[in-house]
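# Results of the structural survey
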Amino acid sequence: MTDTNEKAEAFFAEAKTWKAELAALRKVLKATPLEEAYKWRGPCYTYRGANIAMVAGFKEACTLSFFRGVLLKDP
């Protein structure tokens, strides 16, 4: 990933909970060819314009969600 999205940058900087965990997820995602965008009030990762994944922090958990996760192979 080459570019950093300013709104996504603010999201991670201002995280009140799960800050270290969200930063770790972001580090993994930045090591891929995905592009970082900001959609639906959170960081969204895209490839060739298609939404792939999002990260979010909630009260009791943080998540890495895949838009079409059902299509992922899980042997």
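Details of the structure are given in the entry above.
Below is a short write-up of the structure. (Residues numbered from 1 in each chain as written. Predicted model: local features only at pLDDT ≥ 70, side-chain atom pairs only at ≥ 80, totals over all residues. Heavy atoms only, no water.)

A contiguous nonpolar patch, built from Leu64, Phe66 and Leu72 and spanning about 270 Å² of accessible area, is present on the exposed surface. Position of leucine 72 among the secondary structure elements: in the segment after strand E4 (62-66). Note on leucine 72: relative accessible area 52%, which makes it exposed. (Patch = residues over 30% accessible without salt bridge, like charges linked within 9 Å, V, L, I, M, F, W, Y side chains within 5 Å. Areas by Shrake-Rupley, 256 points an atom, 1.4 Å probe, with all protein chains shown as cover. Salt bridge = Lys/Arg side-chain N within 4 Å of Asp/Glu carboxyl O. Helix = DSSP H or I, 4+ residues; strand = E, 2+ residues; numbered from the N terminus. Buried < 20%, exposed > 50% of the residue type's maximum accessible area, 1.4 Å probe, protein only.)

Among the secondary structure elements, lysine 7 is positioned in helix H1 (residues 6-13). Of the residues examined, lysine 7 reaches a relative accessible area of 58% and is grouped as exposed.

Overall, the coordinates contain 2 salt bridges when judged by the stated rule. Across the pair arginine 26 and glutamate 9 runs a salt bridge, and its minimum N-O distance is 3.0 Å. Of the two residues, arginine 26 is situated in helix H2 (residues 19-30) and glutamate 9 in helix H1; the sequence distance between them amounts to 17 residues. Take arginine 26: its relative accessible area is 9%, and that puts it in the buried class. Here glutamate 9 falls in the partly exposed class, since its relative accessible area comes to 37%. Residues glutamate 36 and arginine 26 are paired through a salt bridge, measuring 2.9 Å at the closest nitrogen-oxygen approach. Taken together, the residues glutamate 36 in strand E1 (residues 35-39) and arginine 26 in helix H2 connect sequence positions 10 residues apart.

Turning our eyes to something else, we now look at unusual backbone geometry. In the Ramachandran plot, tryptophan 18 falls in the positive-phi region, its phi being about 60° despite a non-glycine side chain. What makes tryptophan 18 partly exposed here is its relative accessible area of 29%. Positive phi outside glycine occurs at arginine 41, with the angle close to 65°. Relative to the assigned elements, arginine 41 resides in the loop between E1 and strand E2 (42-47). The exposed category is assigned to arginine 41, whose relative accessible area is 75%.

What follows covers the sheet that holds E4. Across the sheet, which stays open at both edges, the 4 strands sit in the order E1-E2-E3-E4 with antiparallel pairing between neighbours. Since the sheet does not close on itself, it has two edges, and those belong to E1 and E4, each with one partner. Strand after strand, the sheet turns through a mean of 25° between neighbouring axes, direction not considered. Bridge count for strand E3 (residues 50-57) against E4 is 5 bridges, and the pairing is antiparallel. Directly across from alanine 53, in E4, lies its bridge partner phenylalanine 66. This element, H1, spans E1, E2 and E3 of the sheet and lies at about 75° to E1. (Pairing = 2+ DSSP bridges. Axes fitted to C-alpha atoms, helices over the stretch in contact; angles between N-to-C directions. Contact = heavy atoms within 4.5 Å.)

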